[in-house]
Amino acid sequence: MGYSKSTYSAHTPDKDGHIQWSESENSIWATLMARQKISLKGKASQPFLDGLSLLALPEKQVPQLADINRVLRDTTGWQTAPVPALIDFGTFFNLLADKKFPVATFIRRIEDLDYLQEPDIFHEIFGHCPLLTNPAFAEFTHLYGKLGQHASHQQRLFLARLYWFTVEFGLVENKGKRAIYGGGILSSPGETDYAFNSETPERKPFDLIEVLRTPYRIDVLQPVYFYLDSIEQLFDIAKMDIGAAITEAMTLGLLPAPHFAHKSV
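Keep in mind that this is a model prediction, so the values were computed, not measured.

Concerning the pattern of salt bridges
The full count for this structure, using the stated rule, is 10 salt bridges. Among the ionic pairs, lysine 37 bridges to glutamate 59, the shortest N-O distance being 2.8 Å. On the criterion of sequence distance, the pair formed by lysine 37 in helix 1 (residues 23-39) and glutamate 59 in the loop between helix 2 (46-55) and helix 3 (65-75) is long-range, its members being 22 residues apart. Assessed through its relative accessible area of 36%, glutamate 59 is described here as partly exposed.

Printed below as a string of structure tokens:
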């Protein structure tokens, strides 16, 4: 969604869904796992941590999707779907509507360890799959897919902002306590520290129309984050008339672009 042509090639699983990862690829996974577990201490939302415990991801090797699928099916009825490095809007929405979460079957190179524009298997499995064990997150993501299936190209651009500020870069704040649930933050040490600790970005309570109208860029540290009171608020958002909200947002137009700070990580 919104990425330029990838320089990566995804692995093709065998007939049993198994991928033979190389020693260097497993080493990169181990490095990413070790440092992000340290980075997230005291910062990740409890539903994410609960899901991470359920998935029991291996520390030293890239997990096999069949192992992830067993847990997701037993908790919320979801499963993963191996995809190339980049997929189009239509494929993305169709998969989510079918309760299949797209996972690009490649892992970043060592030179891209700190920052990679397109989502790799670490971002998808570590950043997103733990929360797919949560009923509110799973229902919201499923509804999002169904909305996208029937949306026009212009409507999908507005929908992309909803995904960006929730599934990718969402926060939870309740009674002064902040936590992270967005996979784009959870899978990046630099983004984790910035989103959780920095005084530079704005943090605003979730407002559907404002979210739909807020510009974003994929190659910068986020100037604004929207927060929920709890992950369960995603149930309430899923019940909103999101189609009508998109129509209103399209009529009002985009808000002025905030100041974008370039990523250092």
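Points about the environment of aspartate 74
Along the chain, aspartate 74 turns up in helix 3. Exposure remark for aspartate 74: the relative accessible area of 69% places this residue in the exposed category. Along the chain, aspartate 74 and aspartate 88 lie 14 residues apart, while their C-alpha atoms are 29 Å from each other.

Here's the deal with the packing of helix 1 against helix 5 (residues 121-128)
Running from amino to carboxyl end, helix 1 crosses helix 5 at an angle of 35°, the nearest separation of the two axes being 11 Å. For the crossing formed where helix 1 meets helix 5, the hand is right-handed. Contacts between helix 1 and helix 5 involve Trp29, Leu32, Met33 and Gln36 from the first element and Ile121, Phe122, Ile125 and Phe126 from the second.

Thresholds applied
Residues numbered from 1 in each chain as written. Predicted model: local features only at pLDDT ≥ 70, side-chain atom pairs only at ≥ 80, totals over all residues. Heavy atoms only, no water. Salt bridge = Lys/Arg side-chain N within 4 Å of Asp/Glu carboxyl O. Helix = DSSP H or I, 4+ residues; strand = E, 2+ residues; numbered from the N terminus. Buried < 20%, exposed > 50% of the residue type's maximum accessible area, 1.4 Å probe, protein only. Axes fitted to C-alpha atoms, helices over the stretch in contact; angles between N-to-C directions. Left-handed = near helix turned anticlockwise from the far one by under 90°. Contact = heavy atoms within 4.5 Å.

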